Amino acid sequence: MNKSAYACLSLLCLPLLSFAHGPTPQKAKESITINAPVAKVWDTVKQFSDIAHWHPDVKQSTGDGKHESGGTRTLTLQNDGQLVEELDFYSDKDHEYSYRLKTENAQAFPVSSYSITVQVLAGDTANNSTVLMKSRFYRGDTSNTPPANLTDEAAVNAMVSFFKNGLTGLKGTVEK
């Protein structure tokens, strides 16, 4: 085959390659300073099953009470959709835990999977703390042509909003 035949074949295959690309992981990271010591903030955050106590987007949360890898909780969001999450890592010493989506429900929350880390860090003084939430996730529809409500943009917007609302709710709860 000559050079021009290879060039033509390459041009014909190029559009096919662009359709082969799947979704890329998205990321979100938010933090807030809370006017309370780490121990007080952690006492509220560490109750994995009790997120509804401080997160305004969560109508109800129930769980098995385990604070270790494999512990689970079920969230009922304000839209009445449910998500099931499972702990992957939990450390009282480091004031940190990580969890992931166990049961997908893209109609309730426009992602197909996620892992989230929550960490309470010492602030500038003994009387304040920084809470960090970060996530890696995929959009709700992982096909090449997702509907508008399940795109990367919809997933990022939902996760950032969930983090900001939760952190603001936590701050208000702890600082009361």
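Residues numbered from 1 in each chain as written. Predicted model: local features only at pLDDT ≥ 70, side-chain atom pairs only at ≥ 80, totals over all residues. Heavy atoms only, no water.

Draft legend 1. Region of interest: the nonpolar core. With 38 residues, the main nonpolar core has V41, Y97, F109, Y114 and V131 as its most contacted residues. Taken together, the elements giving at least two residues each to this core come down to β1 (26-34), α2 (38-45), β3 (72-77), β4 (82-91), β5 (96-103), β6 (111-122), β7 (129-139) and α3 (152-174). Among the elements that take part in this core, α3 stands out by supplying 8 residues, more than any other. Dropping the residues within four chain positions of it, V131 is found in contact with E30, S31, I32, I34, V41, V118, Q119, V120, L167 and L170. (Core = buried A, V, L, I, M, F, W, Y, C linked by side-chain atoms within 4.5 Å. Buried < 20%, exposed > 50% of the residue type's maximum accessible area, 1.4 Å probe, protein only. Helix = DSSP H or I, 4+ residues; strand = E, 2+ residues; numbered from the N terminus. Contact = heavy atoms within 4.5 Å.)

Draft legend 2. Main features of α3. Relative to the 33 Å expected for 23 residues at 1.5 Å per residue, α3 spans 33 Å between its end C-alpha atoms, a close match to the ideal helical length. Residues of α3 that are buried in the fold lie against β1, α2, β2 (58-63), β3, β6 and β7. (Expected span 1.5 Å × (residues − 1).)

Draft legend 3. Representation of empty space enclosed by the protein within the structure. What the rule picks out here adds up to 1 cavity of 30 Å³ or more. Of the pockets and cavities examined, the largest cavity occupies roughly 40 Å³. Together, L75, L77, L83, E85, F109, Y114, I116, M159 and F162 line the largest cavity. If you list the elements that add at least two residues to the lining of the largest cavity, you get β3, β4, β6 and α3. The class makeup of the residues in the lining of the largest cavity is 8 nonpolar, no polar and 1 charged. (1 Å grid on protein atoms, 1.4 Å probe; cavity = no way out; pocket = protein on both sides within 12 Å on 5 of 7 lines; lining within 4 Å. Points joined across faces, edges and corners; volume = space filled by probe spheres on them. Nonpolar A, V, L, I, M, F, W, Y, C, P; charged D, E, K, R; others polar.)

Draft legend 4. Examining α2 more closely. Burial in α2 covers these residues: V38, V41, W42, T44 and V45. Around the axis of α2, the buried residues are gathered within 160° of arc, so they sit on the same side. The inward-facing, buried residues of α2 abut β1, β4, β5, β6, β7 and α3. (Arc of directions from axis to C-beta.)

Draft legend 5. Quick look at the pattern of salt bridges. Throughout the structure, instances matching the rule amount to 9 salt bridges. Of the charged contacts in the structure, one is a salt bridge between K46 and D43, with a shortest N-O distance of 3.6 Å. R139 is the partner of D152 in a salt bridge, and the nearest nitrogen-oxygen pair spans 3.4 Å. Placement of the pair is D152 in helix α3 and R139 in strand β7, with a sequence separation of 13 residues. In the salt-bridge network here, residues are joined through shared partners; they are E86, D88, R100 and K102. (Salt bridge = Lys/Arg side-chain N within 4 Å of Asp/Glu carboxyl O.)

Draft legend 6. Structural view of the sheet that holds β6. What the 7 strands build is an open sheet, ordered β1-β7-β6-β5-β4-β3-β2; its pairing is antiparallel. Looking along the sheet, the strands with just one partner apiece sit at the ends: β1 and β2. Across the sheet, the mean angle separating the axes of adjacent strands is 20° when strand polarity is ignored. Both β3 and β4 contribute to a ladder of 5 bridges, which runs antiparallel. Bridge pairing in β4 places R73 opposite E85. With respect to the sheet, α3 is in contact with β1, β2, β3, β6 and β7, its orientation differing from that of β1 by roughly 15°. (Pairing = 2+ DSSP bridges. Axes fitted to C-alpha atoms, helices over the stretch in contact; angles between N-to-C directions.)

Draft legend 7. How the structure looks around the pairing of β3. In this structure, β2 lies alongside β3, joined through 5 bridges in antiparallel fashion. Note that in β3 the partner of G63 across the bridge is R73.

Draft legend 8. Examining the packing of aromatic side chains more closely. Per the counting criterion, the structure on display carries 8 aromatic pairs. Ring centres of Y90 and Y97 lie 5.8 Å apart, and the angle between their planes is 10°; this geometry places the pair in the stacked category. Of the two residues examined, Y90 and Y97, each falls in the buried class. Plain terms: the ring middles of F109 and F162 are 5.7 Å apart, the flat faces sit at 70° to each other, and that makes the pair edge-to-face. Linking F109 in the loop between β5 and β6 with F162 in helix α3, this pair joins segments that are 53 residues apart in sequence. (Phe/Tyr/Trp six-rings, centres within 6.5 Å; stacked < 30°, edge-to-face > 60°.)

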